[in-house]
Amino acid sequence: MTHAVIAATGLFTPEQSISNAELVEAYNAWAERWNRDHALQIAEGDVAALTPSSVEFIEKASGIKSRFVLDKTGVLDPERMAPHIPERGNDELSIMAEMAVKAARQAIEAWGKPVSEIGAVLCAASNMPRPYPALAVEVQQALGIEGFGFDMNVACSSATFGIKTAADFIAGGSVKAVLMVNPEVCSAHLNFTDRDSHFIFGDVCTAVIVESSDTAGPGGWDVLGTRLKTVFSNNIRNNFGFLNRWALETNAVAWSDRVAGQQDDKLFIQQGRKVFKDVVPMVSEMIIDHAGDLGIEPTGLKRMWLHQANINMNQMIGRKVLGRDPAEDENIIILDEYANTSSAGSIIAFHLHHDGFAAGETGLICSFGAGYSAGTVFVRKR
């Protein structure tokens, strides 16, 4: 029976990286100035003074030590506190399409087949640069791929939802191969003036080629099963959208005006403790149940490539699934170097750390995030 195979992956990593020390220095300079500018309101009790950040706080809270970004100069400028990413003309390849093309070309080279064998392009990411035309179609044109393409957004779970969609296309006979890309410019939707989240995200792009087992060559990974789950929650949210401009009652207030605070929700916001409490058991149970339905003993998984959200979440899920503390090479952590890269995190972990498998050994690609959403993809080395 025809089934899906993960045939190749690719990764684009920006050249610039920001250490925790650099990020803390910029944030603390901004916070100190903000406190100084609002000294009267603070003294009168109208607003609370901002607390400095620290390297120790960031690493304890998240396990993150650095992150790659498209532009570090703007992020580290206390006068700006946001990346500077110039807008491109309509006749130029967009920045996110450019990232996707670079990751895709690496995957295609590793695959070793012509793009004429790809029948669909999926762009699965947490934010798109525009409503239309679809970014996937732009990538499709840039790579010279026939067929069709479309965008999909399930926040941090977008990649596993994309793999599931690709696998379903292949099982249904629509196409023989699918290119799925995950361009994430997370620095553009992160509030670098929020102490509780200014360190979380980084920029990156991953690519995955999912192919029919009928045409797949040796190597690669059989997709044993895919499962998706969503449960509505406001605990992770971003309210930026095309309707914002018509909300005249808030449009006059700049998002960076922390006194009014009316526009903070147009960037990434979360209630981290609630997310941890809700998501860890949900994902752990989903993994164990899905493994059971596939006849896989979860404690025997050789490796897990989880969404790189927070080291404490990943370690807890690993313990619940394996029934013990995972070894370093069983529960892959790359967020210390890359930070949270939304949908791309689990694919980066898989791309960089899939060696050492013998044919027949199994692993798990898993994502989870806003929605809430979660996706599991069990794979077996061919």
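Scroll up to find the structure.
These lines cover the structure that appears in this document, whether it is placed above or below. Only a predicted model underlies this, so the values are computations on that prediction, with no experimental measurement involved. (Residues numbered from 1 in each chain as written. Predicted model: local features only at pLDDT ≥ 70, side-chain atom pairs only at ≥ 80, totals over all residues. Heavy atoms only, no water.)

## So, the sheet that holds strand S8 (residues 221–230)
In a beta sheet, neighbouring strands are held together by backbone hydrogen bonds and run either parallel or antiparallel to one another. The strand order across the open sheet built from nine strands is S5-S4-S6-S7-S1-S8-S13-S12-S11, with neighbouring strands paired in mixed fashion. For this open sheet the edge positions go to strand S5 (148–152) and strand S11 (303–306), each flanked by a neighbour on one side alone. Going across the sheet, the axis of each strand differs from the next one's by a mean of 25 degrees, ignoring polarity. Its contacts with the sheet put helix H10 (residues 311–322) on S11 and strand S12 (362–369), and the angle it makes with S11 is roughly 145 degrees. (Pairing = 2+ DSSP bridges. Helix = DSSP H or I, 4+ residues; strand = E, 2+ residues; numbered from the N terminus. Axes fitted to C-alpha atoms, helices over the stretch in contact; angles between N-to-C directions. Contact = heavy atoms within 4.5 Å.)

## Details of a nonpolar patch on the surface
Taken together, Phe242, Leu243 and Trp246 make up a surface patch of nonpolar side chains, about 430 Å² in accessible area. Topologically, phenylalanine 242 is positioned in the loop between strand S9 (236–237) and helix H8 (248–251). (Patch = residues over 30% accessible without salt bridge, like charges linked within 9 Å, V, L, I, M, F, W, Y side chains within 5 Å. Areas by Shrake-Rupley, 256 points an atom, 1.4 Å probe, with all protein chains shown as cover. Salt bridge = Lys/Arg side-chain N within 4 Å of Asp/Glu carboxyl O.)

## Here's the deal with the packing of aromatic side chains
This structure, assessed with the given rule, holds 12 aromatic pairs. Centroid distance phenylalanine 57 to phenylalanine 199: 5.8 Å. Interplanar angle 90 degrees. Geometry classified as edge-to-face. With a gap of 142 residues between them, phenylalanine 57 in helix H3 (residues 55–62) and phenylalanine 199 in the loop between strand S6 (177–185) and strand S7 (203–212) connect regions that are remote in the sequence. Among the aromatic residues, those joined into a ring-pair cluster are Trp221, Trp305, Phe350 and Phe357. The ring of phenylalanine 57 is capped by arginine 195, whose NZ or CZ atom sits 4.0 Å from the centre of that ring. (Phe/Tyr/Trp six-rings, centres within 6.5 Å; stacked < 30°, edge-to-face > 60°. Lys NZ or Arg CZ within 6 Å of the ring centre and 35° of its normal.)

## With respect to the pattern of salt bridges
Applying the stated rule across the entire model yields 16 salt bridges. A salt bridge links arginine 195 to aspartate 196; the shortest N-O distance between them is 3.9 Å. For arginine 195, a relative accessible area of 22% gives the class partly exposed. Its salt-bridge partner being glutamate 361, residue lysine 302 comes within 3.7 Å of it at the nearest N-O pair. In this pair, lysine 302 is assigned in the loop between helix H9 (272–293) and S11 and glutamate 361 in the loop between helix H12 (345–352) and S12, connecting sequence segments 59 residues apart. By relative accessible area, glutamate 361 is classed as partly exposed at 28%. Several salt bridges share partner residues, and in doing so they unite Arg88, Glu98 and Lys102 into one network. (Buried < 20%, exposed > 50% of the residue type's maximum accessible area, 1.4 Å probe, protein only.)

Bear in mind that shape data such as this cannot, by itself, settle questions of function.
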